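Residue strings, one per chain:
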Amino acid sequence: MKTAGRSAAGAGDVAAVVAARREMNQRLASTRREGRSWGFAIGCLLVLAALPLLQFAGNFNYVLHMALYTFMYIAMASAWNIVGGYTGYISLGHNVFFGIGGYFSGMILASAGISTLITAPAAGAVAAVFGFLVGLVTLRVRGPSFIISSIALLMIARILFDNWDYVGGSNGLSVPLSTLPVEWAKLPYFYAMLVISVLSIAASYRIKHSKFGLGLRALSQDEVKAESAGINTKLYKVAAFAISAFFVGMAGAVWGEYLTYIRPNIFLIILVAANMVLMCILGGKGTVTGPIVGAILLIAFNEFFVAYFGASELNILGTGVIMLLALMFFPLGIVGTLARQGRLPRFLDWD
Amino acid sequence: MPELLEVRDAVAGYGGGPAILDGAALTVREGQIECMIGPNGAGKSTLLKAIVGILPLRKGEIRFRGERIDGLQPHEILRKGICFVPQERALFPRMTVRENLRMGGYVLEDRGELERRIDDVLGRFPILRERASQLAGTLSGGQQQMLSMARTLIVRPTLVMLDEPSLGLAPMIVVQMFEIIGMLRAEGITVLLVEQNALMGLRHADWGVVLDLGRTLFEGPAAEILADPRIQDLYLGRRSRAA
Amino acid sequence: MSDALQILILGITLGGVYALMASGLTLIFGVMRIVNLAHPIMIICGAYVAYWLFNLYRVDPILAMPVAAVFMFGVGLVLYQLVFAKEAASAKYSEMTVLLTFAVALVLDGFLGALFSNTQRVTTPPYATDAIVIGDLFIPTAQLYAGLISIALIGALVVFLQFTRMGYAIRATTQNRTAAALLGVNVGFISLVTFAIGVALAGAAGALVSFVFSFFPAKHWEWIAVLMSLVVLGGMGKLMGTIVGAFALSIVAAFVGTYAGATWSTITFFLALFLVLLIRPQGLFGDPIESA
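Thresholds, definitions, all that
- Residues numbered from 1 in each chain as written.
- Chains lettered and ligands numbered in written order.
- Predicted model: local features only at pLDDT ≥ 70, side-chain atom pairs only at ≥ 80, totals over all residues.
- Pairing = 2+ DSSP bridges.
- Helix = DSSP H or I, 4+ residues; strand = E, 2+ residues; numbered from the N terminus.
- Contact = placed C-beta atoms within 7 Å.
- Axes fitted to C-alpha atoms, helices over the stretch in contact; angles between N-to-C directions.
- Nonpolar A, V, L, I, M, F, W, Y, C, P; charged D, E, K, R; others polar.
- pLDDT = per-residue confidence, 0-100.
- Core = buried A, V, L, I, M, F, W, Y, C linked by C-beta atoms within 7 Å.
- Buried ≥ 20, exposed ≤ 12 C-beta atoms within 10 Å, placed from the backbone.
- Domains from an automatic or database assignment.

> Provide a residue-level description of the sheet that holds strand E5 (residues 67–68) of chain B, including the pertinent values.
All names here are of chain B. Across the sheet, which stays open at both edges, the 4 strands sit in the order E2-E1-E4-E5 with antiparallel pairing between neighbours. At either end of the open sheet lies a strand with only one pairing partner, and these are strand E2 (19–28) and E5. The pairing of strand E1 (residues 5–13) with strand E4 (residues 59–64) spans 5 bridges and is antiparallel. Among the inter-strand pairings, Val-11 is bridged to a residue of E4, identified as Lys-59. Along the sheet, helix H1 (residues 44–52) contacts E1, E2 and E4; its crossing angle with E2, the most-contacted strand, is approximately 70°.

Here it is, written out as structure tokens:
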């Protein structure tokens, strides 16, 4: 009969546990570096802000267009991440807010001639209010039911806008072309998208490091426990949804005027939402810089693909294959995987 | 002649987490009722889950009649003759009582034999017979526990492992549970029992094991363990809590 | 009155088709907690099988149905082994699976689109444009056949699940995966077969759909929302709930379509979904405990 006393075994275990914990803390401390690379971030921003200077050297409209397009997706993916990454509610119909923003500002532009650059915040606010109201209903359910309802929401929006004659039905809205000379025509939208993406990233960063963000991540783990820990989970997730909708709505407003037309089959196709999701997965869901990395990568890939194979169904196929491989082999995304291995470069570490 | 079930140096845990079992050992002799006791989180349920193949071992070995069974899948282990009734009762709530029993004999190939055994079991549990066509999810807690234990009789296993069968049941019903355990033994089935209610469990057992911190601290005849002052002090001490 | 009866009949026959389209989805969700967003594009795969068999070899799409089912069964086996085997083993619902199926949907959509282009197609067996006229009532034969065969197939599925050994194992795995494993069910194998059966049902539904609706690869996005609404309505993974939901909604949609225009009949499904989420989040036939 073994007679190992309980207290002796306990004491040994405690010493071992304390040692292990100390080692763990040290490892954590070594990955958490002091300070952020603000220099890098500001440097990037300055370079991007100076990008239009290229126009003095020749026609770089394509570069500006790609940059603008990337800003837009960075803004939207970062916004999606606030809901999908932090809170864990996967929305596959998030471009509903893109459409709402686009149509709201587009209608004002078409009827009153006020530029979307001015009305974008209002468009964002409308999208946010709408997001808040929808969230009250759809965020009642978790997991598969929520995902399905997000798709259904998109489908309802598509049918409504396709059949709403006041906003042009399936032909959509046309808004006046810019009167600026062609080499500078992109400029206002370029800066607007740059600002929106910076705001979106800033919001994502602030939320991640706030009590609110902590609450969101807690409820993504276990809603009941989060609730019993005193977090108003219902308010938190609906608020996150509304904030996310705000940035997506703003991006939609500016994008509409930039394109000069706002159509259901551009704003309300599921591929737009799929892109947001995929960018976050590629870069790293729930990280601050993941959506940025993901957006840049996916857009670069798409351009490459279109250049070689043409803009065709193969593009959808390619998107699907990348998503499948990323999910199967890199579920944490680039930033997430590097962070886990402790090899995340400092300029990407904003978590 | 090897013992019926032997576990040596078992180390196991959930996911990448810490080891819940940290060198646990266990011997179960054929024909006996063995009761495993220990405080919450000692690793008792984990050990049962490891034996039955739900949780893989990180280290150590499990032998059944001398043959290694660690690494096998749950359905393969069942075919060896080990039947496990987990704490959460493991019934199919949207199947009837009879269908649940039928699932109990899923591994039997002979359908006629299966139906005969079901009728035999229903004969021994009149309450279940009354409710044979009722959905299992609508039974009371005690009836559900009775059903999950009765279900083990269908396959006629060599060893039945019960994880806290008395959990959440009224004292009257607990007495019935132990009657059923006695019935299993009378059938020649060896029983390995995990009990929070240590006194009750040991009183009905031949052999006792004390598990704590993932290790086997004591084992011996149940009566001796009951009488051991150290164990009384550490694990049986607060009688009010145990009851 | 006869108007209402007419609409009711159309609603019921269509309901059968929807029920079949959604039954495979429900089965897969029930057993594996996988919300298969690729299910509708798999239906379209089945429709293409029937379409080409008909156009190349004049095989009647109803006869092509078993071919489509077997073909898709194979696709299901391969897909499960390649993509889902690891995730399904975790047995707990994870958002990962839904994203995986979404990716599979994109892949199949792009693949079919590249192969056959996004032009509208429909198989045209002789009965496709026929109708049976009884007094004032008018029943399109295509829809009638498709509805009846769907109902027969669903009946066969229910019998299979209720009375066969494998059916028991599938139902048991749906209700309690761990318990099923403890009773000797090889849950990994059951998951594989169930997934393949679900995909085969999509194939069979596709063959029928091919002469009822016109189809093209990108059409599946619309169906995703429709079919998913049925699954949520039915209480996630409960076959009977889904079937009842399919009939009920198809009938309502048929009335809405007649009186408010075809556009709005589709929206019925989505509005019903939101109503259910609002009033009874666990679905009309769901248990409150399992809604999480």
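> How would you summarise the interface of chain C and chain B if you had to cite specific residues and measurements?
Each partner contributes residues to the interface: chain C has 14 residues there, and chain B has 19 residues. At the level of secondary structure, the elements contributing two or more residues to the side of chain C that touches chain B comprise helix H6 (165–175) and helix H7 (177–182) of chain C. Sort the elements by how many residues they give to the side of chain C that touches chain B and H6(C) lands first, with 5 residues. When its residues are assigned to classes, the side of chain C that touches chain B shows 8 nonpolar, 5 polar and 1 charged.

> An account of the confidence of the model for chain A is needed here, citing residue identities and associated values.
Put simply, chain A has an average pLDDT of 86, and 90% of its residues get 70 or more. Here residues 1–13 of chain A scores under 50 on pLDDT; set against residues more than four positions off or in separate chains, the count is 12 contacts.

> How would you sum up the nonpolar core? Please name residues and give values.
Residue and element names in this part refer to chain A. Core analysis: the biggest nonpolar cluster contains 292 residues, and Met-76, Met-193, Ala-251 and Val-254 have the highest contact counts within it. With 17 residues, the top contributor of residues to this core is helix H10 (residues 233–259). Apart from the residues within four sequence positions on either side, Ala-251 is in contact with Met-72, Ala-75, Met-76, Phe-98, Gly-101 and Ile-196.

> So what about the domain arrangement of chain B? Which residues, and what values?
All names here are of chain B. Segmenting chain B into domains produces domain 1 (1–81 + 159–243) and domain 2 (84–156). Centre-to-centre separation of domain 1 and domain 2, based on C-alpha positions: 23 Å. Contacts between the two partners involve 19 residues from domain 1, matched on the other side by 12 residues from domain 2. For the side of domain 1 that touches domain 2, the elements supplying multiple residues, two or more each, are H1, helix H2 (74–80), strand E7 (159–163) and helix H7 (171–186). In terms of residue count, the dominant contributor to the side of domain 1 that touches domain 2 is E7 (4 residues).

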